[in-house]
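Listed here are the chains, written in short residue letters.
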Amino acid sequence: MTAQTLDSLLAEGVTGRRVLVRSDLNVPLDGDVVTDDGRIRASLPVLEKLARAGARVLVVAHLGRPKGAPEPRFSLAPVARRMAELTEVPVAFASDLVGEDARSHSDRMSEGSILLLENVRFDPRETSSEEGDRRALAGELADLTARGGAYVDDAFGAVHRRHASVADITAELPSYQGDLVRDELQVLRRLTEAPQRPYTVVLGGSKVSDKLAVIENLMTRADALLVGGGMVFTFLRARGYGIGRSLVEEDEVETVRGFMQEAQRLGCRLILPTDIVMAAEFSDGAEHEVLPVDALETGTHGDQALGLDIGPESAARFAKEIVDSNTVFWNGPMGVFELEPFSHGTAAVARALTETDGFTVVGGGDSAAAVRGLGFDEAGFGHISTGGGASLEYLEGRALPGIDALNS
Ligand code: ADP
Ligand code: MG
């Protein structure tokens, strides 16, 4: 069965009903200030549609990776404050998820308002591997909606997780696909069903082991795979080069060596940087220099240096590959873009995406934040996805528990 849409829920009528929406509000914070509110702004249209139709909108979301217990630094309170600034709809915040505060707020809330519940990952049952735990939490979440409740999944960034608020909840409430999830799937289908070739995938970022796992699969689909970010150094190790103190997955060096042979067999061009910006330390003011990949330990700081960005020669090469492509998917910054001296590789890739005539998709929270933070106009990209891991898993052809749950 295909999922029911938000429009079909609105057509049923939601006035006075409590609708539980799973949103993706996993935003970067500096203390208690939201430093990039992209995901909040992206989530608001669905919440506002429901509120304006008279629903009582309960929002479930996670932030960061707390270990199943409350941790103040992962509280969604700053997100509720920012959300209230961005919308005319009244926004309240419950200091727990399914506890006394959530229940009393939910009882009292008026039609056409939003109640954001505290971080769902403060409850260990959310991510439990025991189905019984997750079902119990899903039941308690559903109880908050009382009679006439409904569930809308609008958190594309979490659909690859078999979590209570993503997958198990659909057994408890009539369930609908939010507009963000619908739009994301439409775009990703375009990348998998018949991508216009050449199709180039650009991978970077710091979740090295997660991303190494997807390379093998993407190699079978893409014409070229450009590798930057922290992943690069595991590849350079596989070539036998010294990498100083750069990020590396020593356990994966052998696997990566296999990828390089496999890419050749498949005719996928696996393109690695030829130069790297090596720094004395992980800081804004760190001394740094550009070195060729086969001589990374020969600089001023020898084997104590760490690679924090792709070099200018690599950036130009990557940009040319991107401009010459008809379809580009990019996930993961090329370097530590948060620090200006190491943001140039990421900026070059982002600029090339805005320059190519091809269809471009940016996936990944940090990649999307980089695009905005470096001052690019979002309109210059075909699509900016809110879900990094989820979009990668979709592109790999893996089943997504959140999507399957909506479809069953
Ligand atoms: P996304 O959220 O787009 O999927 P990731 O979360 O995998 O991306 O990675 C983003 C992070 O990767 C950024 O914070 C960036 O600073 C970091 N990063 C990129 N290149 C390097 C590098 N060479 N060494 C350490 N960290 C890096
Ligand atoms: Mg990230």
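Residues take numbers from 1 onward in each chain, read along the sequence in its written order. Numbering of ligands from 1 and lettering of chains from A proceed in the order in which they are written. For a predicted model such as this one, the threshold for reporting local features is a pLDDT of at least 70, and the threshold for listing and counting side-chain atom pairs is 80 or more; totals across whole chains, interfaces and linings nevertheless cover every residue. Side-chain numbers come from the whole structure's heavy atoms, not from hydrogens or water.

Colleague: Please clarify how the packing of helix α6 (residues 179–193) against helix α13 (residues 388–396) should be interpreted in this entry.
Modeller: Relative orientation and spacing of two packed helices are given, respectively, by the angle between their axes and the distance between those axes. Working convention: axes come from line fits to C-alpha atoms, limited for helices to the stretch in contact. Angles between N-to-C directions cover 0 to 180 degrees. Put simply, DSSP marks the helices as runs of H or I at least four residues long and the strands as runs of E at least two long, and each gets a number from the N terminus on. As a packed pair, α6 and α13 sit with axes 10 Å apart at the nearest point and diverge in direction by 40 degrees. Considering the angle they form, α6 stands oblique to α13. In the crossing of α6 with α13, the sense of the turn from one axis to the other is right-handed. For the pair α6 and α13, the contacting residues are Leu185, Leu188, Arg189, Leu191 and Thr192 in the first and Ser391, Tyr394 and Leu395 in the second. Here the contact of α6 with α13 is built from residues that sort into five nonpolar, two polar and one charged. Convention used here: angles under 35 degrees read as roughly parallel, angles over 145 as roughly antiparallel, angles from 65 to 115 as roughly perpendicular, and any remaining angle as oblique. By convention the crossing between two helices is left-handed if the near helix lies anticlockwise of the far one by an angle smaller than a right angle, and right-handed if it lies clockwise. Any two residues having at least one pair of non-hydrogen atoms within 4.5 Å are treated as being in contact. All amino acids are sorted into three groups, where Ala, Val, Leu, Ile, Met, Phe, Trp, Tyr, Cys and Pro are nonpolar, Asp, Glu, Lys and Arg are charged, and the leftover types, Gly among them, are polar.

Colleague: In this structure, what is going on with the site of ligand 1? I would like to understand it.
Modeller: One heavy atom within 4 Å of a molecule or strand is enough for the residue carrying it to be called near that molecule or strand. Looking at ligand 1, there are 21 residues lining it, with Ser206, Lys211, Glu338, Asp366 and Ser367 nearest. Here an oxygen atom of ligand 1 sits 2.4 Å away from a polar atom, N or O, in the side chain of Glu338. Those elements that place two or more of their residues in the shell around ligand 1 are β14 (306–310) and α12 (365–373). Among the elements that line the shell around ligand 1, the one with the most residues is α12, at three residues. Each residue belonging to the shell around ligand 1 can be placed in one class, and the counts come to six nonpolar, 11 polar and four charged. Whenever two N or O atoms come within 3.5 Å, that pair is a polar contact, provided that in protein one can donate a hydrogen and the other can accept it, and provided that, for residues adjacent in sequence, both atoms are side-chain atoms.

Colleague: So what exactly am I meant to see when it comes to the sheet that holds strand β12 (residues 275–279) here?
Modeller: As a general point, the strands of a sheet are linked pairwise by backbone hydrogen bonds and lie either parallel or antiparallel. As summarised here, the arrangement of the three strands in space is β13-β12-β14, forming an open sheet in which the pairing is antiparallel. Where the open sheet ends on each side, the last strands, each with one partner, are β13 (288–292) and β14. Adjacent strand axes in the sheet meet at a mean angle of 40 degrees, parallel and antiparallel pairs treated alike. If DSSP finds at least two bridges between two strands, the strands pair. In terms of strand pairing, β12 meets β13 through five bridges, oriented antiparallel. Residue pairing for β13: Ala279 is matched across the bridge by His288.

Colleague: Teacher, can you tell me more about the pattern of salt bridges here?
Modeller: In a structure, side chains of opposite charge can pair up when their charged atoms sit close to one another. In the sections that follow, a salt bridge refers to a side-chain nitrogen of Lys or Arg positioned within 4 Å of a carboxyl oxygen of Asp or Glu. Here the structure, examined in full by the defined rule, presents 29 salt bridges. The residue Arg398 makes a salt bridge to Glu396 at a minimum N-O spacing of 3.2 Å. Type-normalised accessible area, obtained with a 1.4 Å probe on protein chains alone, sets the label of each residue: buried when under 20%, exposed when over 50%, and partly exposed for intermediate values. On the accessibility criterion, Arg398 (40% relative accessible area) is partly exposed. According to the relative accessible area criterion, Glu396 is buried, its value standing at 5%. Within the structure, one salt-bridge network assembled from shared partners comprises Asp7, Lys49, Asp179, Arg182 and Asp183.

Colleague: Would you take a moment to explain the pairing of strand β6 (residues 113–117) for this structure?
Modeller: Two faces belong to every sheet, and in a regular strand the side chains alternate between them. With five of five residues buried, β6 is to be regarded as a mostly interior element. By the bridge criterion, four bridges tie strand β4 (residues 56–60) to β6 in an arrangement that is parallel. The residue of β6 that forms the bridge with Val59 is Leu116. Where strand β5 (residues 91–94) meets β6, four bridges bridge the pair, whose relative direction is parallel. The residue of β6 that forms the bridge with Val91 is Ile114. For the handedness criterion, the β-α-β arrangement of β5, helix α4 (residues 100–108) and β6 is classed as right-handed. If the strands point away from the viewer and the path from the first strand over the helix to the second runs clockwise, then the crossover is right-handed.

Colleague: For this particular structure, what's the right way to read the domain arrangement of the chain?
Modeller: For the purposes of this description, domain bounds are those given by an automatic or database domain assignment. The domains assigned to the chain are domain 1 (6–180) and domain 2 (187–395). Computed from C-alpha coordinates alone, the two centres of domain 1 and domain 2 are separated by 33 Å. Residue-level contacts link 10 residues of domain 1 with 12 residues of domain 2. Summing the contributions of domain 1 and of domain 2, the shared interface buries around 870 Å²; its carbon and sulfur component is 57%. Buried area: the accessible area, evaluated with a 1.4 Å probe, that two parts lose upon being put together, summed over both parts. Among the residues of domain 1 in contact with domain 2, Arg39, Phe156 and His160 are the three that bury the most area, contributing 55% of the side total. For the pair domain 1 and domain 2, the interface holds one salt bridge. Arg372 is the salt-bridge partner of Asp36, the closest N and O atoms lying 2.6 Å from each other. On inspection of domain 1 and its partner domain 2, the count reaches one residue pair in polar contact (both at pLDDT 80 or more).

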